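As a plain string of letters, each chain reads:
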Amino acid sequence: MSAALSVEALGKRFGDLVALEDVSFELAPGELLGVLGPNGAGKTTLLSAIAGVQPPSSGTVSLAPRQVGWAPQRAALYGKLTVAENLELFARLERVAEPRAAVEAMLEQTGLGARAGEQLARLSGGNRQRVNVAAGLLGDPPVLALDEPSASLDPAQRERLWTFVKELTATGRAVIFSTHNPAEAQRHADRLLVLDGGRLRFDGTSGELLARAGAGETDLEHALVWFLEHEGAGAA
Amino acid sequence: MRALLRKDLLILRRSRLLLAVLVLYPVVIALLIGFAISRAPSRPRVAIVDETAPGETIQVGSRRVQVGEYAHQLFSNVEPVAVGSRAQARRQVADGKVLAAVVIPSDIAARVSSGTSQGQIEVLYNGDALEQSLVRAQLRSALAEANLGFSRQIQDAAAEAIDALVRGGSLGTLGAPSNLIGLEQIPGELRRVIARTPAGHDREALERIARFADFAAANLGVSKRVLASVGQPIAIHTELVHGRRTPLDSFAVVVAVAISLMFLGVLLAAGGIALEREEHVLARLVRGLISRGALLVEKVGLAAACSFLVALAMLAGVGIFVSLDWGRFPQWLLALACGALAFAALGTAIGSLARDARAASIVAFLILLPLIFLALVPAGAVGHGFYDVISVISFVFPFKAALQALDAAVNGASPSLGGPIAHLIGLTALFAVLARAGLRRAL
């Protein structure tokens, strides 16, 4: 099966600061890929480069920015507009052929139909995040990039979000997400990338990361800390 | 871009309070400043103590000038409050009921009439530094005007006396003989006598007197003109070098409209761009949905269109009350459009640097308010170096250029419309470039 997304030797510099260096990986259709790493590791920069928000300094991304759906950490939507108006605006900017039909479909898919006429500023954080993700899906992209999608959500809202995301991957859409929460990554991601100091340090399953930390290790957070200490940017 | 424009209009429609403030605030500020500019300073309340006897006159030549008339001229520039005594006047000044008091002493008529000493009035004043400065300036100007009027009356009386000396008649002065012979009649009379006088010493003496009378009559006639030039040695002849004379009311209208145009254009554009950052939408928009350039064009266009319409409505509305030249309407449109574009471009530059709409508004206010006052500082009112600094600041922001463009468009004032319009177009381009650079940094 061909990859939904290929990233080759991706690099990003901000002046003298190397935010990403030589990052390469592939994402299969229907795969849910988690990106882990400490603060400043380059997780958001990686997702921004894939989504076309930050043009990379070097390397390539196989998809054009508009072929990647993007949902930033904080809902990138207009508080004064209703849910439907927000979605219709982005559908029109995405040049979707039938914007209203696409909005109807997205409202149904996200279960937000009953909230369609509500101003976004009045929605809960969880529902706002769902609209945020829905806005990223309007162009029907094969790949969705989610930057810390559950950061500001309570457990029930998180659960609803992941159910929704898994429904997307079940239909063949590939999803890459960044998170600070190893337990969340362990629970939902099919595969993990570990970034540290802008470099890709690990690409594998959570089981493989646990195994790196030693036989019998079951706590991914503990395994990640061990991994970063021994194989991360500071290990050398 | 149309979808984005529709979105901005929808957000504006739902932000009614903001919209009302955005329209009303500049209009109120503009009207206040316009009102302050177009109205002459109010007349300060001044207590008057007139110690002269009622109907007292000052003798000037053959004329008698009423002291009350002099006082009337003196106080045409102030709001006079009649007070009975010097002590009462001092109390009123001390209590702040009046800004100053003027005491006209009882001996003023005698002193002026004496011709050897000056008449003197006494001024008592109080208040803070600004009030003191105002009252001193007003009273000095009133005194100068009254003295000038008084000097004219003295000139008239002197001219009458000279006429009587040259042409003959009565001087009207107490004790002076009536039906005097005029200097210009003396040579004729003398020549008749000389014709009958035999040659000799007496005849020569008479001929000398006749020559003197000729000379004196001719030169006393000239002395009337000399008196006029001594009374007012320098007369003012005014000539406007460029453009038309602009009535203060019309200029105040232009200032008020320029202020509204600026506040509305800058605040709308700054708020519009800053809102995209505040809502974290900027990154989503510029990742291929819309270019930064198109985003700026949309924001500048919307802000410029709104400010243009409000300013045009304001200008047309004020035009009902103040006489404006409607024949220049196309020039109004051009000046308003170019000003609106430059202000909107400045707004996007400010908005692209601010993290949210509130910060953008504060920064905009901090920049805009001083611009108004700096643009209105007349050359010569401050030191040369400071005025150069003011000129540079006024040059790099669009307010002064917009003011000049509007003044040229509405009042036909100088400089002509072309220069300020070109200046505004240049500033629009400059601020658009800065805004684009700011947007690049914003992500």
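Data block above holds the structure.
Residues numbered from 1 in each chain as written. Chains lettered and ligands numbered in written order. Predicted model: local features only at pLDDT ≥ 70, side-chain atom pairs only at ≥ 80, totals over all residues.

Caption draft 1: Geometry of the overall build of chain B. The helix and strand inventory of chain B stands at 16 helices and 8 strands. A burial count over chain B gives 35% of its 443 residues as buried. A separation of at least 24 residues holds for 77% of the contacts in chain B among residues at least 6 apart in sequence. (Helix = DSSP H or I, 4+ residues; strand = E, 2+ residues; numbered from the N terminus. Buried ≥ 20, exposed ≤ 12 C-beta atoms within 10 Å, placed from the backbone. Contact = placed C-beta atoms within 7 Å.)

Caption draft 2: Spotlight on the nonpolar core. All names here are of chain B. Counting 153 residues, the largest nonpolar core has Val257, Ala258, Val266, Ala402 and Ala405 as its most contacted members. Among the elements that make up this core, the one with the highest residue count is helix H9 (residues 248-278) (21 residues). With residues up to four places along the chain from it excluded, the contact list for Ala402 reads Ala258, Leu261, Met262, Gly339, Ala342 and Leu424. One finds Ala89, Val102, Val112 and Leu139 within the second-largest nonpolar core, a separate group that totals 20 residues. (Core = buried A, V, L, I, M, F, W, Y, C linked by C-beta atoms within 7 Å.)

Caption draft 3: Structural detail: the interface of chain A and chain B. Across the boundary between the two partners, chain A contributes 21 residues, which contact 16 residues of chain B. The element best represented in the side of chain A that touches chain B is helix H2 (residues 83-93) of chain A, accounting for 4 residues. Class assignment for the residues of the side of chain A that touches chain B results in 12 nonpolar, 3 polar and 6 charged. (Nonpolar A, V, L, I, M, F, W, Y, C, P; charged D, E, K, R; others polar.)

Caption draft 4: Inspection of helix H4 (residues 86-94) of chain B at higher detail. Residue and element names in this part refer to chain B. What H4 keeps buried is the set Ala89, Gln92 and Val93. Angular distribution of buried residues about the axis of H4 spans 100°; they occupy a single face of the element. For H4, the exposed residues set more than 90 degrees away from the buried face come down to Ala87 and Ala94. Positive phi shows up at Gly96, right after H4, with a value of about 80°. (Arc of directions from axis to C-beta.)

Caption draft 5: Summary view of the packing of helix H12 (residues 329-353) of chain B against helix H13 (residues 357-375) of chain B. Residue and element names in this part refer to chain B. Across the interface, H12 lies against H13 with an axial gap of 9 Å and an inter-helix angle of 130°. By the criterion of interaxial angle, the relationship of H12 to H13 is oblique. With respect to the hand of their crossing, H12 and H13 are arranged in right-handed fashion. On H13, the residues that touch Gly347, Ile350 and Gly351 of H12 are Ala360, Val363, Ala364 and Ile367. (Axes fitted to C-alpha atoms, helices over the stretch in contact; angles between N-to-C directions. Parallel < 35°, antiparallel > 145°, perpendicular 65-115°, else oblique. Left-handed = near helix turned anticlockwise from the far one by under 90°.)

Caption draft 6: A look at the sheet that holds strand S8 (residues 191-196) of chain A. Residue and element names in this part refer to chain A. Taking strand neighbours across the sheet as the criterion, the 6 strands line up as S5-S6-S7-S3-S8-S9 in an open arrangement whose pairing is mixed. Across the chains shown, the open sheet's two edge strands, defined by having one partner strand only, are strand S5 (68-71) and strand S9 (199-204). Neighbour to neighbour, the strand axes of the sheet diverge by 20° on average, direction disregarded. In this sheet, strand S6 (residues 143-147) lies alongside S5 in parallel orientation, the contact comprising 4 bridges. If you follow Val68 over to S6, its bridge partner there is Val143. (Pairing = 2+ DSSP bridges.)

Caption draft 7: Up close: the packing of H2(A) against helix H4 (residues 125-137) of chain A. Residue and element names in this part refer to chain A. Their axes nearest at 9 Å, the elements H2 and H4 cross at an angle of 25°. On the basis of the axis angle, H2 is roughly parallel to H4. Relative to H4, the crossing made by H2 is right-handed. Of H4, the residues touching H2 (which contributes Val83, Asn86, Leu87 and Phe90) are Val131, Ala134 and Ala135.

Caption draft 8: Examining the sheet that holds strand S4 (residues 79-82) of chain B more closely. Residue and element names in this part refer to chain B. Ordered by their spatial adjacency, 4 strands build an open sheet running S4-S1-S5-S6, and the pairing between neighbours is mixed. Looking at which strands have only one partner, the edges of the open sheet turn out to be S4 and strand S6 (122-125). Neighbour-to-neighbour, the strand axes of this sheet turn through a mean angle of 25°, independent of strand direction. Relative to strand S5 (residues 100-104), strand S1 (residues 45-50) runs parallel, the two being bridged by 5 bridges. Across the sheet, the residue bridging to Ile48 is Val102, located in S5.

Caption draft 9: Quick peek at the environment of Arg191(B). Tracing the sequence through the fold places Arg191(B) in helix H7 (residues 186-196). Take Arg191(B): there are 12 C-beta atoms within 10 Å of it, and that puts it in the exposed class.

Caption draft 10: Local environment of helix H8 (residues 220-231) of chain A. Residues and elements named next belong to chain A. Between its terminal C-alpha atoms H8 stretches 15 Å, which fits the 16 Å expected from 12 residues at 1.5 Å a residue. Three or more residues of H8 are buried, namely Leu220, Ala223, Leu224, Phe227 and Leu228. Looking straight down H8, one finds its buried side chains confined to an arc of 130°; they lie on one side. In H8, the exposed positions angled more than 90 degrees off the buried face are occupied by Glu229 and His230. Looking at the buried residues of H8, the elements they touch are strand S3 (32-36), helix H6 (182-188), S8, S9 and helix H7 (206-213). (Expected span 1.5 Å × (residues − 1).)

Caption draft 11: Geometry of unusual backbone geometry. All names here are of chain A. In this model, Ala9 sits at a positive phi of 45°, which is unusual for a non-glycine residue. Within the element layout of this structure, Ala9 appears in strand S1 (residues 5-14). The backbone phi angle of Asp22 is positive, close to 55°, even though this residue is not glycine. Positionally, Asp22 belongs in strand S2 (residues 17-27).

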